[in-house]
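# Report on the structure
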Amino acid sequence: MLDLDRIRKDFPILTREVNGKPLVYFDNAATSQTPQQVIDVIVDYYSNYNANIHRGVHALSQEATDKYEEARQIIQKHFNAKHAHEIIYTSGTTHSINLVANGFSALLKKGDEIIVSALEHHSNIVPWQMLCERTGAVLKVIPMNQNGELEISVYDTLLNNNTKLVFVNHISNALGTINPIEHIIEKAHQFGAAVLIDGAQASPHIKPDVQALDVDFYVTSAHKICGPTGVGMLYGKEAWLKKLPPYQGGGEMIAEVTFEKTTYAGLPHKFEAGTPNICGGIAFGAALDYMNSIGFNAIANYENELLEYGTEKLLEIEGLKIYGTSKHKTSVISFNLDGIHPYDVGTILDKLGIAVRTGHHCAQPIMNYFNIPGTVRASFAFYNTKAEIDVLVAGVKKAKMMLS
């Protein structure tokens, strides 16, 4: 059982009002809120040991370097990577995906095939389209069904000896569907294909074990996991990271530079050119420590309660349709009211202090499949309450009354 009163006190933003109403924050799939424990780490960095890392012999630089690398080890342990140097700091999930896509530009040729799914965020579609344009590779898509689930039997038929890469999200940001990534990874490996899993939406709810999954690349963003924006992670198997060329050139990623030739540093520095988001990396580690102190099993169980409660209460509203009805999903409810644009519903909810996301959620192919302009998305976190869901339900009813 979660101590909700204690947990909510950790998040100062939850005490504020919006438009004169207590804030109800249901946009967690876009970004989670940050607990005071992580805020304190950020303040401590800038107050006491702000310095560049890896390069200085002075005390502040050494302290910042130690904290930054300790955070890398926290991330390694959390995701159960075999080596700390398999954890590459990035600016977030999108950066991580683009890093891998850029690297494979040197490895693919015309006629090679890569597979994505119909449930992807744009950041796990567009880089691969660009990769295909550069290399002549062919992009194939795993279709979805009316429940918002991937048609895995079709995926099995798409795989062949020309398949080089498979890219699938762990959990859909738009629908909350949990994809069967274990099957996807195992099948891809039978054909020698590498697999990248977009874990941005899974990481707040699930504690992935990258070694148990046997996944080649796993990516996520700290701001989905109670951390700061502007920092994320690329996990890559050591063998793959050694094969990929550097993404950017500059300081820190070199071994030796002459005007005749430059040699590159080893992992992880090969992919970490320039001054990184030092404070963000340290805070990323602190955020994982915070969430682990609560416990991911407890988080998952409670968020499932919120999902079931919210689903039941919202479906009592006549004319409300939920998109994404997989048996395996996380605490995301995407819905529309019959005949009412989701933006209009979201605007009224905002006036009531309720923060939801409206639109296509950077997943236009999903919306095109359902032939809708977008949805209202309410996404719950472990610091939300059933009482807040009651406020949402009342707000949706009010919006329906005003807009019908």
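For clarity, every value in this text was computed on a predicted model and none was experimentally measured.

Definitions and cut-offs
- Residues numbered from 1 in each chain as written.
- Predicted model: local features only at pLDDT ≥ 70, side-chain atom pairs only at ≥ 80, totals over all residues.
- Heavy atoms only, no water.
- Domains from an automatic or database assignment.
- Contact = heavy atoms within 4.5 Å.
- Buried area = accessible area lost by both parts, 1.4 Å probe.
- Salt bridge = Lys/Arg side-chain N within 4 Å of Asp/Glu carboxyl O.
- Helix = DSSP H or I, 4+ residues; strand = E, 2+ residues; numbered from the N terminus.
- Buried < 20%, exposed > 50% of the residue type's maximum accessible area, 1.4 Å probe, protein only.
- Pairing = 2+ DSSP bridges.
- Axes fitted to C-alpha atoms, helices over the stretch in contact; angles between N-to-C directions.
- Expected span 1.5 Å × (residues − 1).
- Parallel < 35°, antiparallel > 145°, perpendicular 65-115°, else oblique.
- Left-handed = near helix turned anticlockwise from the far one by under 90°.
- Nonpolar A, V, L, I, M, F, W, Y, C, P; charged D, E, K, R; others polar.

### A short note on the domain arrangement of the chain
Assigned domains within the chain: domain 1 (4–30 + 295–403) and domain 2 (39–293). Every contact between the two is made by 35 residues of domain 1 and, on the other side, 34 residues of domain 2. In total, about 2,700 Å² of surface goes out of reach between domain 1 and domain 2, with carbon and sulfur atoms giving 58% of it. Together, Phe 296, Ile 366 and Tyr 369 form the three largest contributors to the area buried by domain 1 at its contact with domain 2, with a combined 25%.

### A short note on the pattern of salt bridges
Evaluation of the coordinates by the stated rule reveals eleven salt bridges. Between Arg 8 and Glu 388 there is a salt bridge, with its nearest N and O atoms 3.4 Å apart. In this pair, Arg 8 sits in helix 1 (residues 4–9) while Glu 388 sits in helix 14 (residues 386–403), placing the two residues 380 residues apart along the sequence. Since its relative accessible area comes to 6%, Glu 388 is described here as buried. Across the pair Lys 140 and Glu 113 runs a salt bridge, and its minimum N-O distance is 3.1 Å. Highlighted residues: Lys 140 in strand 6 (residues 138–142) and Glu 113 in strand 5 (residues 113–117), separated in sequence by 27 residues.

### Focus: the sheet that holds strand 10 (residues 232–236)
Backbone hydrogen bonds are what pair the strands of a sheet, in a parallel or an antiparallel way. Spatially, seven strands are ordered 4-10-9-8-7-5-6 in an open sheet, and the strand pairing comes out mixed. Sheet topology places strand 4 (87–90) and strand 6 at the edges, where each strand pairs with a single neighbour. The average undirected angle you get between the axes of adjacent strands in this sheet is 20 degrees. Bridge count between strand 7 (residues 163–169) and strand 8 (residues 194–198): five bridges; the pairing is parallel. Paired with Val 166 across the two strands is Val 195, which belongs to strand 8. Lying over the sheet, helix 3 (residues 59–79) contacts strand 4, strand 9 (217–221) and strand 10, oriented at roughly 120 degrees with respect to strand 4. Across the sheet, helix 7 (residues 181–190) lies against strand 7 and strand 8, angled at about 160 degrees from strand 8, the strand it touches most.

### Brief notes about helix 3
Residue pairs three or four apart in sequence face the same way in an α-helix, which turns once every 3.6 residues. Along its 21 residues, helix 3 runs 31 Å from first to last C-alpha, staying within 8% of the 30 Å computed at 1.5 Å per residue. Looking only at helix 3, the buried set comprises Ser 61, Ala 64, Thr 65, Tyr 68, Ala 71, Arg 72, Ile 75, Gln 76, His 78 and Phe 79. One or two residues past the end of helix 3 sits Asn 80, with phi positive at roughly 60 degrees.

### With respect to the sheet that holds strand 14 (residues 332–337)
Pairing is antiparallel across the open sheet formed by four strands, whose spatial order is 13-14-17-16. On the outer flanks of this sheet lie strand 13 (320–323) and strand 16 (357–359), each paired with one strand and no other. Ignoring which end each strand starts from, the neighbouring axes of this sheet average 30 degrees apart. Relative to strand 17 (residues 375–379), strand 16 runs antiparallel, the two being bridged by three bridges. The residue of strand 17 that forms the bridge with Arg 357 is Arg 377. Set on the sheet, helix 11 (residues 296–314) makes contact with strand 13 and strand 14; between it and strand 14 the angle comes to about 10 degrees. The strands that helix 12 (residues 342–351) touches are strand 14, strand 16 and strand 17; relative to strand 17, the one it contacts most, it runs at about 45 degrees.

### A look at the packing of helix 12 against helix 14
Relative to each other, helix 12 and helix 14 sit at 120 degrees, their axes nearing to 9 Å. Taken together, the axis directions place helix 12 and helix 14 in an arrangement best described as oblique. Judged by the twist between their axes, the crossing of helix 12 over helix 14 is right-handed. On helix 14, the residues touching Asp 344, Val 345, Ile 348 and Leu 349 of helix 12 are Leu 392, Gly 395, Val 396, Ala 399, Met 402 and Leu 403. A class-by-class count of the residues in the contact of helix 12 with helix 14 yields eight nonpolar, one polar and one charged.

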